[in-house]
Every structure is written in C-alpha cells, then in structure tokens.
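Coordinates in review
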Amino acid sequence: MPANATARYLLGMAHLEAGNLSAAVVSFREALLLDPDFKAPYANLGVAYLRQGDFRSAAEACRAGLLRHPATPQASYNLALARVALALAAPNAGEEGGAGVGATAGAAELRAGALEALEASRETRAQAQLWSEEDEELLVLLRDDTKPLAWPR
C-alpha cells in the first residue's frame, strides 16, 4: 500500500472513477490522515459520500476541507448538494412550503446553508465552464424560500 498522501489520493481517484466508492472513501481518508492540509482529498471524499447517498458524511467532509481551505469551490459545491439532500429528507421538506415557509428549523437552516455554499462555488465554477443550467435552477429555487425545495428537472 502506498505510504504517502498523494499516492493514497490517486488510488482514491482510481477507485472513484471505477465506482468502488467504499474503497475510494478509505483511500481519501488515509490521504488526509497522512496530510490533513492536502486539499484535493476533501472535495473528492465529499463526491464519494454523495455518490453513496451518505449526505451527512459528505457535508462533514466538505466542511472540514473548507475550514482548512476556504476558497475551494468544489468543496462548497459538494456541500451545497449535500445540504439540499439533507433538507429534502428533513420533516416537511417535500410538502407545500417545505424547506421554506413553515419548514422545520433544520430544513430551513440546511436550505440557507445550501444557498450560501452554492453561491460560494458559482463564480469559480462558471469561469471554468462547470456551471450548468441545473445549477442555476437550483440556485434560483434556493433563493425563493416561498417555494418547496426540490431537485431541478
């Protein structure tokens, strides 16, 4: 097994690309244990958790990365996606006004946090031509808290 952070990170990327999500998570976490200041594993650990549907862990990984590296648009973007998924799973999220008017405090806070994170990633992702119409739709939806939260179609 590779004994340096870069090698573990690259192994994690290979696992991520191959769809071996559990192995990717292990490799990214090992890379971070070896070098907690290594930026890339945080965002990609978030991707692996998002793909697994483990939105709470994805949010935690991205928040940890943003604490060390605040200007990391991919971590902000992944954090936004995780928070949207968590808000949708919160009580009242899918109902009329859910994660908006009348939503639980948790869903409303997650929605606000998702908006903040998505806005933080927008400029850099747009410059790199990574910003999609769906991303813009999600941003508009997050800004209008009078409407129920849902994934763009």
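Residues numbered from 1 in each chain as written. Predicted model: local features only at pLDDT ≥ 70, side-chain atom pairs only at ≥ 80, totals over all residues. Heavy atoms only, no water.

1. Let's talk about the overall build of the chain
- Within the chain one finds seven helices and zero strands.
- Ordered by position from the N terminus, the helices and strands of the chain form the series α-α-α-α-α-α-α.
- The long-range fraction of contacts in the chain, counting pairs at least 24 apart against all pairs at least 6 apart in sequence, stands at 52%.
- With an accessible surface of roughly 7900 Å², the chain has 53% of that area assigned to carbon and sulfur atoms. (Helix = DSSP H or I, 4+ residues; strand = E, 2+ residues; numbered from the N terminus. Contact = heavy atoms within 4.5 Å. Areas by Shrake-Rupley, 256 points an atom, 1.4 Å probe, with all protein chains shown as cover.)

2. Topic: the environment of Ala108
- Position of Ala108 relative to the elements: it lies in helix α6 (residues 105-127).
- Between the C-alpha atoms of Ala108 and Leu149, which are 41 residues apart in sequence, the distance is 9.8 Å.

3. Observations regarding helix α2 (residues 21-34)
- The terminal C-alpha atoms of α2, which comprises 14 residues, lie 20 Å apart, in line with the 20 Å expected from a rise of 1.5 Å per residue.
- Where α2 is concerned, the buried positions are Leu21, Ala24, Val25, Ser27, Phe28, Ala31 and Leu32.
- Buried residues belonging to α2 abut α1 (5-18) and α3 (39-52). (Expected span 1.5 Å × (residues − 1). Buried < 20%, exposed > 50% of the residue type's maximum accessible area, 1.4 Å probe, protein only.)

4. Considerations on helix α5 (residues 73-89)
- Along its 17 residues, α5 runs 24 Å from first to last C-alpha, staying within 8% of the 24 Å computed at 1.5 Å per residue.
- By the criterion of burial, α5 is predominantly enclosed, with 13 of the 17 residues buried.

5. What about the packing of α3 against helix α4 (residues 55-68)?
- Contact geometry for α3 and α4: axes closest at 8 Å, N-to-C directions at 170°. Put simply, α3 runs roughly antiparallel to α4. Residue-level inspection shows Tyr42, Leu45, Gly46, Tyr49 and Leu50 of α3 in contact with α4, the latter providing Phe55, Ser57, Ala58, Ala61, Cys62, Ala64, Gly65 and Arg68.
- The residue inventory of the contact of α3 with α4, partitioned by class, reads nine nonpolar, three polar and one charged. (Axes fitted to C-alpha atoms, helices over the stretch in contact; angles between N-to-C directions. Parallel < 35°, antiparallel > 145°, perpendicular 65-115°, else oblique. Nonpolar A, V, L, I, M, F, W, Y, C, P; charged D, E, K, R; others polar.)

6. Structural notes on the pattern of salt bridges
- Here the structure, examined in full by the defined rule, presents five salt bridges.
- Put simply, Arg8 and Glu30 hold a salt bridge, and the shortest N to O gap is 2.7 Å. Placement of Arg8 in helix α1 and of Glu30 in helix α2 is noted, with a sequence separation of 22 residues between them.
- Two residues, Lys147 and Asp144, come together in a salt bridge whose shortest N-O distance is 3.8 Å.
- With a relative accessible area of 25%, Asp144 lands in the partly exposed category. (Salt bridge = Lys/Arg side-chain N within 4 Å of Asp/Glu carboxyl O.)

7. What about the confidence of the model for the chain?
- Looking at the chain as a whole, the pLDDT averages 87, with 89% of positions reaching at least 70.
- In this model, residues 93-103 is a region of pLDDT below 50 whose contacts with residues beyond four sequence positions or in other chains number 27 contacts. (pLDDT = per-residue confidence, 0-100.)

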